[in-house]
Amino acid sequence: MKRTCLLLVFICLSSLWAQTRDHNSYPRLANYYLNHIYPAQNATMIPQLARYDLLVLDMELGAINPALITGIRAVNPSIVILAYITVGAITSEPNPSPASYPLRRALRQSIQNDWWLMTSTGEHASDWPGTWMLNCTLYCPVVNGKTWTDHLHEFINQSVLSNPVWDGVFLDNCYHSIPSDSCPDTDCDRNGIIDGYSWRDQQWQAGLRPFIAEVKASNPTKPVVGNPGYIYGESLNGGMFEEYDTFDPGFGFGMTWSEFMGTYYDLQTNFQAPRYNMVQAAGASNSYQQMRYTLTTALLGDAYYGFDFGPTNHGQLWWYDEFDVDLGEPMEE
């Protein structure tokens, strides 16, 4: 009873804050929060997550803790909440916990062996520790009438976006170029020869482009955002810049600031409305200079801004004084 009363108080107080913001006010704020949240945490987490304009939460939460999402929306009715799913990789664990990972378990166990992306030596290709990649190219074999991307499209429709708690979907691994440093060896066509980087990127794009288009076509009213997704603007409602190079405290997005801005403005021009572009910066919680630099950069466009620890741990609720300032609407587009 005490916990319920406390949650109601938090919701009422947070609602007063949420009513002062909308998606035309800047800074637009996002949280790319991929940690699990269990029902016992809701009283604490709901009011904190409801402060944002855009949330990306793990798809599993729609199954294991839908009350979290409906609670966030009760506090902030204008918030947009996207379900996170990886397009080209999944855990190498064959039997994820059914209590914590029911969707990944179902998806992992439904994968056909021919759909895995392999190396030239017949090993599983991987671009992230603890995961194996899937073959998103047009060379993926057809099994039971479907390729991997056909199957994933069906899974997203039937197991993720069929759940009304979600506004849309966030597609990770929407690569235009598979990272060569973390994944140097792939064999998309299984001919025993290492793929040339330029060729495999072309094949990845050729496979992902129709897949993303099909996800969007079957969910025309739901936002579909990709990471990074820069070249798929004909079907996406947004792409994400993810800062990953923590050894570059100035600007660790893998491009110069001017290159970043050129790509940023392309996203504003070429992506579909409504747009949910994201600038996800990274650093230590007290990296105030870095936060202000990247926040100011985000304010030069229409993106939703977030700041957390980075790709190895997207699970922070850091809040800065700058986030409380309502800059209103831009004077120019």
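Nothing here was measured: the structure is a model prediction, and the numbers come from that model.

## A closer look at the overall build of the protein
- Within the protein, the regular secondary structure consists of nine helices and ten strands.
- The C-alpha radius of gyration computed for the protein amounts to 20 Å, which stays within 12% of the reference 20 Å derived for 333 residues, consistent with globular compactness.
- Put simply, the protein has 333 residues, and 53% of those count as buried.
- Relative to all contacts within the protein whose residues are 6 or more apart in sequence, the contacts with residues 24 or more apart total 72%.
- When the accessible area of the protein is evaluated, it comes to approximately 14,600 Å², of which 55% is carbon and sulfur surface.
- One way to put it: in the protein the 17 positive side-chain charges average out to a point 10 Å from where the 35 negative ones average out.

## A word on the pattern of salt bridges
- Following the criterion strictly, the structure yields seven salt bridges and no others.
- Here Glu-154 and Lys-146 are joined by a salt bridge, their closest N and O atoms 3.2 Å apart.
- Among the residues examined, Lys-146 registers a relative accessible area of 23% and is labelled partly exposed.
- We note a salt bridge from Asp-302 to Arg-275, for which the minimum N-O separation is 2.7 Å. Of this pair, Asp-302 sits in the loop between helix H9 (288-298) and strand S10 (304-308) while Arg-275 sits in the loop between helix H8 (257-270) and strand S9 (278-282), and the two are 27 residues apart along the sequence.
- The exposure class of Arg-275 is partly exposed, given its relative accessible area of 27%.
- Each of Asp-58, Glu-60 and Arg-104 takes part in one network of salt bridges that share partners.

## Topic: unusual backbone geometry
- Cis geometry is found at the peptide bond from Tyr-26 to Pro-27, where omega equals 0°.
- By the element assignment, Pro-27 lies in the loop between helix H1 (2-18) and strand S1 (30-33).
- In this structure, the amide linkage connecting Ala-273 to the following residue, Pro-274, adopts the cis form with an omega of -5°.
- The topology assignment puts Pro-274 in the loop between H8 and S9.
- Phi at Asn-144 takes a positive value of approximately 55°, unusual for a residue other than glycine.
- Tracing the backbone through its elements, the reader meets Asn-144 in the loop between strand S5 (131-133) and helix H6 (148-160).
- Note on Asn-144: relative accessible area 68%, which makes it exposed.
- In this model, Arg-190 sits at a positive phi of 55°, which is unusual for a non-glycine residue.
- Within the fold, Arg-190 resides in the loop between strand S6 (168-174) and helix H7 (197-218).

## Brief notes about H6
- Compared with an ideal rise of 1.5 Å per residue, which puts 13 residues at 18 Å, H6 spans 17 Å between its outermost C-alpha atoms and is within 8% of the ideal.
- Trp-148, Thr-149, His-151, Leu-152, His-153, Phe-155, Ile-156 and Val-160 are the residues of H6 that are buried.
- Contacts from the buried residues of H6 go to strand S3 (80-86), helix H5 (102-109), S6 and H7.

## Points about the state of the cysteines
- One pass over the structure, following the stated rule, counts zero disulfides.
- The thiol of Cys-174 is not disulfide-bonded; the next cysteine sulfur, from Cys-136, is found 8.8 Å away.

## Things to note about the environment of Tyr-304
- Position of Tyr-304 among the secondary structure elements: in strand S10.
- The contacts of Tyr-304, once residues within four sequence positions are left out, are His-23, Arg-28, Leu-29, Ala-30, Asp-53, Leu-54, Arg-275, Tyr-276, Asn-277, Met-278 and Val-279.

## Focus: the nonpolar core
- Ranked by internal contacts, the top residues of the largest apolar core, which has 81 residues, are Leu-57, Ile-72 and Leu-171.
- Leu-54, Phe-170, Met-240 and Tyr-276 belong to the second largest nonpolar core, which has 13 residues in total.

## Some remarks on the side chain of Asp-185
- Its location among the elements puts Asp-185 in the loop between S6 and H7.
- Buried Asp-185, no salt bridge; nearest opposite-charge side chain is Arg-200, N-O distance 6.7 Å.
- At 2.9 Å, the side chain of Asp-185 and the side chain of Ser-120 are in polar contact.
- Not counting chain neighbours up to four residues away, the residues in contact with Asp-185 comprise Thr-119, Ser-120, Ala-125, Ile-194 and Arg-200.

## Remarks on the environment of Leu-300
- With respect to the helices, strands and loops of the structure, Leu-300 is situated in the loop between H9 and S10.
- By relative accessible area, Leu-300 is classed as partly exposed at 43%.
- The spatial distance from the C-alpha of Leu-300 to the C-alpha of Leu-117 is 39 Å, given a sequence separation of 183 residues.
- Residues in contact with Leu-300, not counting those within four places in the same chain, are Trp-257, Met-261, Tyr-264 and Tyr-265.

Reading the values: the criteria
- Residues numbered from 1 in each chain as written.
- Predicted model: local features only at pLDDT ≥ 70, side-chain atom pairs only at ≥ 80, totals over all residues.
- Heavy atoms only, no water.
- Helix = DSSP H or I, 4+ residues; strand = E, 2+ residues; numbered from the N terminus.
- Rg over C-alpha atoms; globule rule 2.2 N^0.38 Å.
- Buried < 20%, exposed > 50% of the residue type's maximum accessible area, 1.4 Å probe, protein only.
- Contact = heavy atoms within 4.5 Å.
- Areas by Shrake-Rupley, 256 points an atom, 1.4 Å probe, with all protein chains shown as cover.
- Lys, Arg positive; Asp, Glu negative; His and termini not counted.
- Charge placed at Lys NZ, Arg CZ, Asp CG, Glu CD.
- Salt bridge = Lys/Arg side-chain N within 4 Å of Asp/Glu carboxyl O.
- Expected span 1.5 Å × (residues − 1).
- Disulfide = S-S within 2.5 Å.
- Core = buried A, V, L, I, M, F, W, Y, C linked by side-chain atoms within 4.5 Å.
- Polar contact = N/O pair within 3.5 Å; in protein donor to acceptor, adjacent residues only side chain to side chain.

Shape is all these values report; function is a separate question.
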